[in-house]
Amino acid sequence: MTGNGVTYRNHGENYNSPLSVCLPVSVCLYRSAYSSVCHAVSVHSVFVEYKDFKLIYRQYAALYIVVGVTDSENELSVYELVHNFVEVLDKYFSRVSELDIMFNLDRVHIILDEMIQNGHIVETNRSRILAPLNALDKMADS
Amino acid sequence: MSPSVPLQEMIRAIRSARTQCEERGVIQRECAAIRAQFRQSDNGGRSHNLAKLLYVHMLGYPAHFGQMECVRMIASPRYSEKRVGYLGAMMLLDEKQDASLLITNSIKNDLSHSNQYVQSLALCTLACMGSAEMCRDLAPEIDRLLRASNSYIKKKAALCAVHIVRKVQDLGELFTPAARSLLSEKNHGVLHGAVVLITELCEKNPETLERFRKTVPDLVQIMKGLAISGYSPEHDVAGISDPFLQVRILRLLRILGRNNEQASDAMNDLLAQVATNTDSTKTVGNAVLYETVLTVLDIKSESGLRVLAVNILGRFLLNNDRNIRYIAMTSLQKIVGSDHNAVQRHRGTIVDCLKDQDASVKRRALDLSLALVSATNIRSMMKELLLFLSSCPPELRAQAASGIFNAAERYAPSQRWHIDTILHVLTTAGGDVRDETVPNLIQLITNASELHCYTVHKLYRALLADISQQSLVQVACWCIGEYGDLLVRGECQEIEPVQVTEDDVLDALETVLQSHMSSPATRGFALTATMKLSTRITDNVDRIRSIVSIYGSCIDVELQQRAVEYNALFKKYDHMRAAVLERMPVIEKNSPRVIPMESPQGRPSRTSSQPKSSTESHWCPNHLLTSFSLPVCGVSQVCDLLDLLGGSEETLQPSPAVGGSAPGLPIHTASTAGGDLLDLLGGLEPAPIAPAPTVPVYEKEGVTLTLSCEKQSDSGLTVTLTASNSTDSDISSFTLQAAVPKSVQLHMKAPSGDFLPARGTANVTQMVVLNNPNKVVSVEAVPIRTASKSFFPLQVNLKMRIRISYTSQGSAFQDTVQIDSFPGFSAAIH
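Rules used in this analysis
- Residues numbered from 1 in each chain as written.
- Chains lettered and ligands numbered in written order.
- Predicted model: local features only at pLDDT ≥ 70, side-chain atom pairs only at ≥ 80, totals over all residues.
- Heavy atoms only, no water.
- Contact = heavy atoms within 4.5 Å.
- Buried area = accessible area lost by both parts, 1.4 Å probe.
- Salt bridge = Lys/Arg side-chain N within 4 Å of Asp/Glu carboxyl O.
- Helix = DSSP H or I, 4+ residues; strand = E, 2+ residues; numbered from the N terminus.
- Expected span 1.5 Å × (residues − 1).
- Buried < 20%, exposed > 50% of the residue type's maximum accessible area, 1.4 Å probe, protein only.
- Core = buried A, V, L, I, M, F, W, Y, C linked by side-chain atoms within 4.5 Å.
- Pairing = 2+ DSSP bridges.
- Axes fitted to C-alpha atoms, helices over the stretch in contact; angles between N-to-C directions.
- Phe/Tyr/Trp six-rings, centres within 6.5 Å; stacked < 30°, edge-to-face > 60°.
- Lys NZ or Arg CZ within 6 Å of the ring centre and 35° of its normal.
- Parallel < 35°, antiparallel > 145°, perpendicular 65-115°, else oblique.
- Polar contact = N/O pair within 3.5 Å; in protein donor to acceptor, adjacent residues only side chain to side chain.
- Left-handed = near helix turned anticlockwise from the far one by under 90°.
- pLDDT = per-residue confidence, 0-100.

Trainee: For this particular structure, what's the right way to read the interface of chain A and chain B?
Mentor: In this assembly, 54 residues from chain A lie in contact with 56 residues from chain B. Together, the buried faces of chain A and chain B total about 5100 Å²; carbon and sulfur atoms form 54% of this surface. Looking at the side of chain A facing chain B, the largest losses of area belong to L76(A), F103(A) and Q117(A), adding up to 14% of the total buried there. At the boundary of chain A and chain B, one finds four salt bridges.

Right, here's the structure in full:
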């Protein structure tokens, strides 16, 4: 489980301890294993109810991105947000894989901070999100 | 000490560790190195060290020793160090840590930094973990940034303001004007932040909500720009421009339009347009549609729009994508209370979702199916639910079982069906049912007296099949004990006859007693059942004696006590055995809803423990009744009268002792002079419905008003009021006005005239049609607009107040009378 880049935030709290990560990730892994056996695209729904939160996960090959939200959020919107995030990562790292995320965790955090702040969406436009990071890279190079 | 490795090396090292132990070793070594590095004051690799520490923290290892380092790095002038410092602060610090106070000053300085990226760092950190004091200190700064800066900062400042408002509610006032002005920005990020800020302000403070209702037209305009016109390449996601902003605006509109007609009207058009125009082939489109549907259902929308919304949900239900079905069911759950029929139409699809493979979908489908059970579809629904129960995941079993029980209890078409259903549930999921199921089922069985034979046969067979389900075994033992003679006799029309001998029965009970699967409670049931059989069967009483005496030395104290006492019954008190062990009487259902019937010897000053204390009221006996003298009867007389007036309603409540208000309960029934009450009502008495008796309700100054009722339909009543004048002078402009309780509808026909000639030569008749669709019986459902609330539930749902006004001898008179009993009505409803 430590190999997968699972980071998720919920209103500013980071669920980073393995204990709280365990259950939802195990659910996700179980579901994906089951679906790969069945060769079905979406055998399971991506929504899991966990305590009084809802978890929405999305699988990209070996990478799972899990987002925890409260009851009042629009789940499909969050689903799309996850995809947006991955697209941004894709643009920055050019064809992102989970290794990219692992070894550049600070950059990923910067991107995440540009997109989501304290649980709310800040910006969804790819170029605008990456502008500060590109500027930073230029500063570091020069 | 090993030299510190760069971050990437460390990550590789950790990932290549093959066991947990190895990994821990690597991490401990690294942490030691990091700690040493922190102790050395200034070196170039500080940011790398902290980054490593954060990685370690993410894996779950303790990293609190890095907090002070974060504080130091935040204060550093170099951007890379600041960046990692702030990230560390967000991850390692929260308001409970003391170190968080130390960064307040740094944040304050950075908020006015010249570099916008530094400002944004500070804003981000403040938004994530700012404590209440920090927020209070820095709120004016944030406000300044909200107004005058570039859009990059504005959007972050807006979200920071959201956090501040959450932490310190009073500061909401500070941000309201800024939030309002931000709505006119073009930049989507800023707009987004503004909408979130306004949403937060409105949720926290209802007055702010009122103020922001005026922004509904602006919001509608923005939405139109997004949804309908134009393609904006910047924020396009699969053909829909900025769906995230659309969703947020819709949510704000929902909050603004709730419970407010005006705002809802302003939104109707827009919602209809969005609902029809949004492309629903992609998930994005569905997300926007979903939010639209939620908004429509929550505000006071017009019915056409509501139908559209429910139809969209219906379309979602038929979608192939499981996720969409899931959210459709979630939203249907919210409206199943209010738009029940609309949801019923999709019952088939919902029941099919019970068979879905996904656990979340199943859970939703179960909730919704249970909500959709009604008297008409109970049989088919129950079949599906029982099927579901046999294959459902274990975490849903308990919920399903209790849901099935509730539904069966409410809508059972017959007792036999009810018993069958409960038995089925007990056999499939007996381990997951609640404890009170057993007594409930027993009570149900005793009530169904004609089904005793059938029940006991079925239970016996179930017992033979499986003795692991405790609840089932308990019920089975109890029934065999009670009705063992029926079992042995073997005759039962409804089941194929099977010969059961007394030995078989005793064998079964003994198996239960000796099985290791039986719980102590179950053993107790079995032992008692065995004992009861000693009076029901004839041949094997000795065997029973031996069984019982064995358990006299059982380890379980409860069983031992029972066995010893039963033994005593055999030995010393054999003469009492038959009496002690005879059939149990029918158990009364002791539900809180049923108010026990009081004896007619009511005690007026009794402090009663009424379940409905809200209906306690007091008479103001003199207030309204000066127009006619009332006999103050004792309660017992009153209750007799109530009996006379047409059978006892099941809720007879004696008067409460409320501050010693009234000694007795005068009835507002018609009476002209004292003492006639009983005679009057005696005339109304027994069962044959007197054809529309006329009852005088008002008599004063020579004007008499009489009342007669006729029942038209199940809830309708026609009341005829006849007025006559016995004075010597004519009465003109005679009008009657009537008022009834809110739950009753009133329709007054045209009076026959308004002139009452002297000495009763002619009458004026007024017909009033009353419709009582609710036929409410409980007292509190009727807000009675009179000073004195009737405490007697007799016909409490129907009262009428009549205002009489007329002119006589040149002067105007007005009077009011209250009618509480409608004699024809009461006799008619029974």
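Structure's up, so let's keep going.
Trainee: How do you make sense of helix α27 (residues 452-465) of chain B when you look at a structure like this?
Mentor: The periodicity of an α-helix, 3.6 residues per turn, causes residues three or four positions apart to be oriented the same way. Residue and element names in this part refer to chain B. Helix length check: α27, at 14 residues, gives a terminal C-alpha distance of 20 Å against a target of 20 Å (1.5 Å per residue), a fit within 8%. In terms of residue burial, α27 counts as a mostly covered element, since 10 of its 14 residues are buried. Buried within α27 are the following residues: H452, C453, Y454, T455, V456, H457, L459, Y460, A462 and L463. Against α25 (415-429), α26 (437-447), α28 (470-489) and α29 (502-514) lie the buried residues of α27.

Trainee: What's the story with unusual backbone geometry in this structure? I'm lost.
Mentor: One can expect most non-glycine residues to show negative phi and most peptide bonds to be in trans. Residue and element names in this part refer to chain A. For S94, which is not glycine, the phi dihedral falls at a positive 45°. In this structure, S94 sits in the loop between α2 (75-93) and α3 (98-103). On the basis of relative accessibility, which here comes to 54%, the residue S94 falls in the exposed class.

Trainee: Looking at this structure, I do not really get the nonpolar core. What am I missing?
Mentor: Generally speaking, a soluble globular protein has its nonpolar side chains buried in company with each other. Membership of the largest hydrophobic core comes to 250 residues, with the highest contact counts inside it found for Y55(B) and I142(B). Broken down by element, this core gets its largest block of residues, 12 residues, from α28(B). Apart from residues no more than four positions distant in its own chain, Y55(B) is found in contact with M102(A), L105(A), L7(B), M10(B), I11(B) and I14(B). Counting residues in hydrophobic clusters, the runner-up holds 28 residues, among them A723(B), F734(B), V740(B) and L756(B).

Trainee: Can you walk me through the pairing of strand β5 (residues 63-69) of chain A in this structure?
Mentor: Successive side chains on a regular strand alternate, one facing one side of the sheet and the next facing the other. Residues and elements named next belong to chain A. Within β5, seven of the seven residues are buried, which leaves it mostly tucked inside the rest of the structure. Of the two faces of β5, the one holding L63, I65, V67 and V69 and the one holding Y64, V66 and G68 are both buried throughout. As defined by bridge partners, strand β4 (residues 53-60) adjoins β5 across seven bridges and the pair is classed as antiparallel. By the bridge assignment, Y57 is partnered in β5 with V66.

Trainee: Explain the sheet that holds β5(A) to me, please; I cannot follow it from the model alone.
Mentor: Remark on secondary structure: sheet strands pair via backbone hydrogen bonds, oriented parallel or antiparallel. Residue and element names in this part refer to chain A. The strand order across the open sheet formed by three strands is β3-β4-β5, and the pairing between neighbours is antiparallel. Since the sheet does not close on itself, it has two edges, and those belong to β3 (47-50) and β5, each with one partner. Each neighbouring strand pair of the sheet contributes to a mean axis angle of 30°, computed without reference to strand direction. Bridge count between β3 and β4: four bridges; the pairing is antiparallel. Within the sheet, the bridge partner assigned to Y50 lies in β4 and is F53.

Trainee: What should I look at first to understand the packing of aromatic side chains in this one?
Mentor: We describe a pair of aromatic rings using the distance from one ring centre to the other and the angle between the two ring planes. Residues and elements named next belong to chain B. Taken as a whole and assessed by the stated rule, the structure comprises seven aromatic pairs over all chains. These aromatic residues form a ring-pair network of at least three members: F734, Y806 and F813. Note that R35 overlies the ring of F65, its terminal NZ or CZ placed 4.6 Å from the centroid. Here the basic side chain of R416 rests over the ring of Y454, its NZ or CZ set 4.3 Å away from the ring centre.

Trainee: What is the right way to look at the packing of helix α22 (residues 359-372) of chain B against helix α24 (residues 394-411) of chain B in this model?
Mentor: The relative placement of two packed helices is expressed as an angle between their axes plus a distance between the axes. All names here are of chain B. As a packed pair, α22 and α24 sit with axes 10 Å apart at the nearest point and diverge in direction by 10°. Here α24 runs roughly parallel to α22, going by the angle between their axes. Residue-level contacts link A359, K362, R363, L366, D367 and L370 of α22 to E395, L396, Q399, A400, G403 and I404 of α24.

Trainee: How should α22(B) be read in this particular structure?
Mentor: Residue and element names in this part refer to chain B. Here α22 is 14 residues long and its end C-alpha atoms lie 20 Å apart, about the 20 Å a rise of 1.5 Å per residue gives. Burial within α22 is extensive, with 11 of its 14 residues counted as buried. When we look at burial in α22, the residues that qualify are S360, V361, K362, R364, A365, L366, D367, L368, S369, L370 and L372. The N-cap of α22, judged by a side-chain oxygen 3.3 Å from the amide nitrogen of S360 a few residues on, is D358.

Trainee: How should the sheet that holds strand β9 (residues 800-808) of chain B be read in this particular structure?
Mentor: All names here are of chain B. Taken in spatial order, the three strands line up as β6-β9-β10 in an open sheet, and their pairing is antiparallel. In this open sheet, the two edge strands, each paired with only one partner strand, are β6 (731-739) and β10 (811-819). Mean inter-strand twist for the sheet, computed between neighbouring axes without regard to direction, equals 15°. One ladder, built from seven bridges, connects β6 with β9; its direction is antiparallel. Following the sheet pairing, A739 is matched in β9 by R801.

Trainee: Explain the packing of helix α12 (residues 188-204) of chain B against helix α15 (residues 243-257) of chain B here, please?
Mentor: Residues and elements named next belong to chain B. Two elements in contact, α12 and α15, have axes whose closest approach is 10 Å; the angle formed by their N-to-C orientations is 25°. For the element pair α12 / α15, the angle class is roughly parallel. Seen along the crossing, α12 lies across α15 with a hand that is left-handed. Packed against α12, whose contacting residues are H188, L191, H192, V195, V196, I198, T199, C202 and E203, the element α15 presents F244, L245, R248, I249, L252, I255 and L256 at the interface.

Trainee: Looking at this structure, I do not really get the confidence of the model for chain B. What am I missing?
Mentor: Regions with low pLDDT should not have their predicted coordinates read in detail. Residues and elements named next belong to chain B. This prediction gives chain B a mean pLDDT of 77; 81% of its residues lie at or above 70. Per-residue pLDDT stays below 50 along residues 592-690; that stretch engages in 133 contacts with residues further than four places along the chain or on separate chains. Contacts for the low-pLDDT stretch residues 826-830, under 50 throughout, to residues beyond four places or in other chains number 10 contacts.

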